[in-house]
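# Survey of secondary and tertiary structure
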Amino acid sequence: VQLQASGGGLVQAGGSLRLSCAASGRTFSSYAMGWFRQAPGKEREFVAAISWSGGLTYYADSVQGRFTISRDNAKNTVYLQMNSLKPEDTAVYYCAADSEDLTWATITYAEIVVEYDYWGQGTQVTVSS
């Protein structure tokens with residue numbers, strides 16, 4: 001699976017952005033998808049994940065209620081709608097694909113970087129105060 005993230009940019013605090021991640025290659029609908037972010041000097045951290053069907057989603061506490069992950073399997077694309085952005089959301093955002101589905105039993109595994117099989121190249125999000 002090849003992943004291409006896009007949609008990053010510069011936005012003022014309180015603003016919104018929508019990231020997209022287009023997938024090609026193997027069957028997109030057979031992969032759970034996740035978004036991670038990495039700020040300078042910090043480790044890559046989990047943001048959100050979505051199951052194969054889109055019926056189950058999971059968020060980091062820091063973005064719960066502000067970010068929404070969704071997917072369109074017909075378009076082989078996963079999205080991250082980011083609202084009420086804060087300066088601390090500034091980071092490079094990465095999408096990733098996991099061949100294991102997201103389930104209630106394994107939902108916290110979605111936070112683990114090594115659980116994912118494929119990664120996109122990242123897109124920069126900068127939030128000014």
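Keep in mind the model is a prediction, meaning the values are calculated, not measured.

Moving on, we come to a nonpolar patch on the surface. A surface patch of nonpolar side chains, about 370 Å² in accessible area, is lined by Y109, I112, V113 and V114. In this fold, I112 is placed in the loop between β9 (91–98) and β10 (118–119). The exposure class of I112 is partly exposed, given its relative accessible area of 35%.

What follows concerns unusual backbone geometry. One non-glycine residue, N76, lies in positive phi territory at about 55°. Mapped onto the secondary structure, N76 falls in the loop between β7 (67–72) and β8 (77–82). The exposure class assigned to N76 is partly exposed, which follows from its relative accessible area of 27%. The phi torsion at S84 lies on the positive side, around 50°, for a residue other than glycine. Mapped onto the elements, S84 comes out in the loop between β8 and β9.

For the rest of this paragraph, the subject is the state of the cysteines. Here a disulfide denotes one covalent bond, and it connects the sulfur atoms of two cysteines. All chains considered together, the criterion is met by one disulfide. Bridging C21 to C95, the disulfide has an S-S length of 2.1 Å. Taking the sign of the S-S torsion, about 65° here, the bridge from C21 to C95 comes out right-handed. Placement of C21 in strand β3 (residues 17–24) and of C95 in strand β9 is noted, with a sequence separation of 74 residues between them. There is no split in this pair, since C21 and C95 are both buried.

This next bit is on the side chain of R37. For R37, the location among the structural elements is in strand β4 (residues 32–38). Accessibility expressed as a relative area gives 6% for R37, which makes it buried. For R37, the side chain forms a polar contact with the side chain of E45, separated by 2.6 Å. A distance of 2.9 Å separates the side chain of R37 from the side chain of D89, its partner in a polar contact.

Here we take up the pairing of strand β1 (residues 2–6). Burial of the side chains of β1 is restricted to one face: L3 and A5 are buried, whereas none of Q2, Q4 and S6 on the reverse face is. In this sheet, β3 lies alongside β1 in antiparallel orientation, the contact comprising five bridges. Note on β3: the bridge partner recorded for Q2 is S24.

Right, let's talk about the nonpolar core for a bit. Within the largest apolar cluster, 42 residues are counted, with the highest numbers of intra-cluster contacts made by M33, W35, L80, M82 and Y93. Setting aside anything within four residues of it in sequence, one finds M33 in contact with L3, C21, F28, A48, A49, I50, I69, R71, V78, A96, A97 and Y116.

Our focus in this paragraph is the packing of aromatic side chains. Applying the stated rule across the entire model yields six aromatic pairs. Joined through ring pairs, the aromatic side chains of F36, F46, Y58, Y116 and W119 make up one cluster. It is R44 that lies over the ring of Y94; its NZ or CZ is 3.7 Å from the centre. Residue placement shows R71 over the ring face of F28; its charged tip is 4.4 Å from the ring centre.

Calculation notes
The residue numbers shown here count from 1 along each chain, following its written sequence. For this predicted model, a pLDDT threshold of at least 70 governs which residues receive local features, and a threshold of 80 or more governs which side-chain atom pairs are given and counted, while totals over whole chains, interfaces and linings are taken from all residues. Calculated side-chain values reflect all of the structure's heavy atoms, with hydrogen atoms and water omitted. Only residues whose relative accessible area exceeds 30% and that take part in no salt bridge are eligible for patches, with like-charged residues grouped when within 9 Å of each other and nonpolar side chains (Val, Leu, Ile, Met, Phe, Trp, Tyr) grouped when within 5 Å. Residue exposure ignores everything except the shown protein chains as possible cover, and the areas themselves are Shrake-Rupley values with a 1.4 Å probe. The working definition used for a salt bridge is a side-chain nitrogen of Lys or Arg within 4 Å of a carboxyl oxygen of Asp or Glu. Counting from the N terminus, the helices are the DSSP runs of H or I reaching at least four residues and the strands are the DSSP runs of E reaching at least two. Burial classes follow relative accessibility: with a 1.4 Å probe on protein chains only, a residue under 20% of its type's maximum area counts as buried, one over 50% as exposed, and anything between as partly exposed. Any two cysteine sulfur atoms within 2.5 Å of one another count as a disulfide. Polar contact is defined as a pair of N or O atoms within 3.5 Å, subject to the rule that within protein one atom must be able to donate a hydrogen and the other to accept it, and that residues adjacent in sequence are counted only when both atoms are side-chain atoms. Whether two strands pair comes down to DSSP finding at least two bridges between them. Residues belong to a common nonpolar core when they are buried Ala, Val, Leu, Ile, Met, Phe, Trp, Tyr or Cys residues joined through side-chain atoms within 4.5 Å. Residues count as neighbours in contact if any of their non-hydrogen atoms are within 4.5 Å of one another. Each pair of aromatic rings taken from Phe, Tyr and Trp, with Trp reduced to its six-membered ring, is defined by centres within 6.5 Å and is described as stacked if the planes are under 30 degrees apart, edge-to-face if over 60, and tilted in the remaining cases. Charge-over-ring contacts are defined here by two conditions on Lys NZ or Arg CZ: a distance within 6 Å of the ring centre and an angle within 35 degrees of the ring normal.

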